[in-house]
Amino acid sequence: MRTVYSENKPHFGRDILATVAESAKKSYCGPRECLVVILFGLLIAVTHRPDALLRAQFFAEDGGIWFAQAYNSGVASLLSPYAGYYQALPRFLALLALGIPMHLAPFFMNAVGLLVELLPVYLLASKRTSNWGPIWMRLSLAALYLGVPNSHEIFATVTNAQWHLSPAVCILMFARPPVTRTARIFDIAIFVIFGLTGPFAVVLLPITFLFWLFRRYRWTLVPTTIFALTSFVQVRAFLLTGAQSRNIPPLGATFPMAIKLIGGRIILATLIGRNTLAHSEQF
């Protein structure tokens, strides 16, 4: 017996197609369209490391440093520099992970790492970046960002979440200023967490200042001020603890080695993937 759909009868697949078609006519995605984009982005991200959710385990410093020190020192771990810098994001998430059963802590931290990874995707699809170009162009950038090969180590992990937080902060810096109180609080929270997680604020501070100098947007003074304060904190932490916490062996740097690293491990590996070069003697 054949089922006939009336014009007014809801249909899930048809609704999604209509949503995508409607969003293509606009310069940004609404809440419903953003949800669809995030779900597709999540699917792409999980394909890089499906084990992060299906067989969740601590990755790198997630267990041995962040979770272990949070378990042993509690809130005091937030004030402990690591590798010469404060690491607010992974340490704060490790403290939150203490509130759930220990066997679920790796899944929690990997899931939050995925959410941080999807933040730039959401921002590129939102109204905040609608003046950057057509929605299809910004979604193409998001797809390239999620689909880059040879990057499995930075997917679905709190330890390397700062590499995904960095593009999100850059987008917020140059996007439309927030217009609601909630959006302002969100931006400020992201800026503060970013500034206290690694030394990246030191690099973005002059860029943000120059952007304010030429454009004179009042809101740009907010990230400029936050980055100035957090840069001072991070530089001070590095000067006090960096020399003692870093053990750098002789690097043996040569010009041929630089060509090999840049050409093989960065350019070629990014284009064709890490596994292709894993057993190659040339690179």
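For the structure itself, look to the data block above.
Everything numeric here is computed off the predicted structure, so don't read it as measured data. (Residues numbered from 1 in each chain as written. Predicted model: local features only at pLDDT ≥ 70, side-chain atom pairs only at ≥ 80, totals over all residues. Heavy atoms only, no water.)

Participant: Quick question: what am I supposed to make of the overall build of the chain here?
Facilitator: What the chain contains, in helices and strands, is 13 helices and zero strands. Scanning the chain from its N terminus toward the C terminus, one meets helices and strands in the order α-α-α-α-α-α-α-α-α-α-α-α-α. In the chain, which comprises 283 residues, the share counted as buried stands at 36%. In the chain, once contacts between residues fewer than 6 apart in sequence are set aside, the share between residues at least 24 apart is 68%. By element, 68% of the accessible surface of the chain is carried by carbon and sulfur atoms, the whole surface being about 17,100 Å². (Helix = DSSP H or I, 4+ residues; strand = E, 2+ residues; numbered from the N terminus. Buried < 20%, exposed > 50% of the residue type's maximum accessible area, 1.4 Å probe, protein only. Contact = heavy atoms within 4.5 Å. Areas by Shrake-Rupley, 256 points an atom, 1.4 Å probe, with all protein chains shown as cover.)

Participant: I tried to follow helix H9 (residues 181–195) on my own but got confused; where do I start?
Facilitator: Working note: α-helix, 3.6 residues per turn, so residues spaced by three or four point in the same direction. Taking 1.5 Å of rise per residue, 15 residues should cover 21 Å, and H9 covers 21 Å from first to last C-alpha, within 8% of that figure. Within H9, burial applies to Asp187, Ile190, Phe191, Phe194 and Gly195. Buried residues of H9, seen end-on, are gathered within an arc of 125° and therefore sit on one face of the element. Across from the buried face of H9, at angles greater than 90 degrees, the exposed residues are Arg181, Thr182 and Ile185. (Expected span 1.5 Å × (residues − 1). Arc of directions from axis to C-beta.)

Participant: Would you explain the side chain of Arg91 in this entry?
Facilitator: On the secondary structure map, Arg91 appears in helix H5 (residues 88–97). No salt bridge is formed by the buried Arg91; the nearest opposite charge belongs to Glu61, separated by 9.9 Å. Those residues in contact with Arg91, other than ones at most four positions away along the chain, are Ile65, Trp66, Gln69, Ser77, Leu78, Ser80, Pro81 and Tyr82. (Lys, Arg positive; Asp, Glu negative; His and termini not counted. Salt bridge = Lys/Arg side-chain N within 4 Å of Asp/Glu carboxyl O.)

Participant: I would appreciate a short explanation of helix H6 (residues 105–125) in the present structure.
Facilitator: Across its 21 residues, H6 extends 31 Å between first and last C-alpha, which sits within 8% of the 30 Å expected from 1.5 Å per residue. Counted residue by residue, H6 has 16 buried out of 21 residues, so it is predominantly covered.

Participant: When you look at the packing of helix H2 (residues 31–48) against H6 in this model, what are you seeing that I'm missing?
Facilitator: Each pair of packed helices gets described by two things: the angle between the helix axes and the distance between those axes. Taken N-terminus to C-terminus, the directions of H2 and H6 make an angle of 140°; their axes are 10 Å apart at the nearest point. As far as their axial angle goes, H6 and H2 are oblique. With respect to the hand of their crossing, H2 and H6 are arranged in right-handed fashion. Where H2 abuts H6, its residues Cys34, Val37, Ile38, Gly41, Leu42, Ala45 and Val46 lie against Leu114, Glu117, Leu118, Val121, Tyr122 and Ala125. Of the residues contributing to the contact of H2 with H6, the split by class is eleven nonpolar, one polar and one charged. (Axes fitted to C-alpha atoms, helices over the stretch in contact; angles between N-to-C directions. Parallel < 35°, antiparallel > 145°, perpendicular 65-115°, else oblique. Left-handed = near helix turned anticlockwise from the far one by under 90°. Nonpolar A, V, L, I, M, F, W, Y, C, P; charged D, E, K, R; others polar.)

Participant: Honestly, the nonpolar core in this entry has me stumped. Any pointers?
Facilitator: A general tendency of soluble globular proteins is for nonpolar side chains to be buried together. Judged by nonpolar contacts, the single largest core of 42 residues is most densely connected at Leu165, Val169, Phe191, Phe194 and Phe227. Beyond its immediate sequence surroundings of up to four residues, Phe191 is in contact with Val169, Leu172, Met173, Trp219, Pro223, Ile226 and Phe227. Within the second largest apolar cluster, five residues are counted, among which are Ala45, Leu114, Phe155 and Ala156. (Core = buried A, V, L, I, M, F, W, Y, C linked by side-chain atoms within 4.5 Å.)

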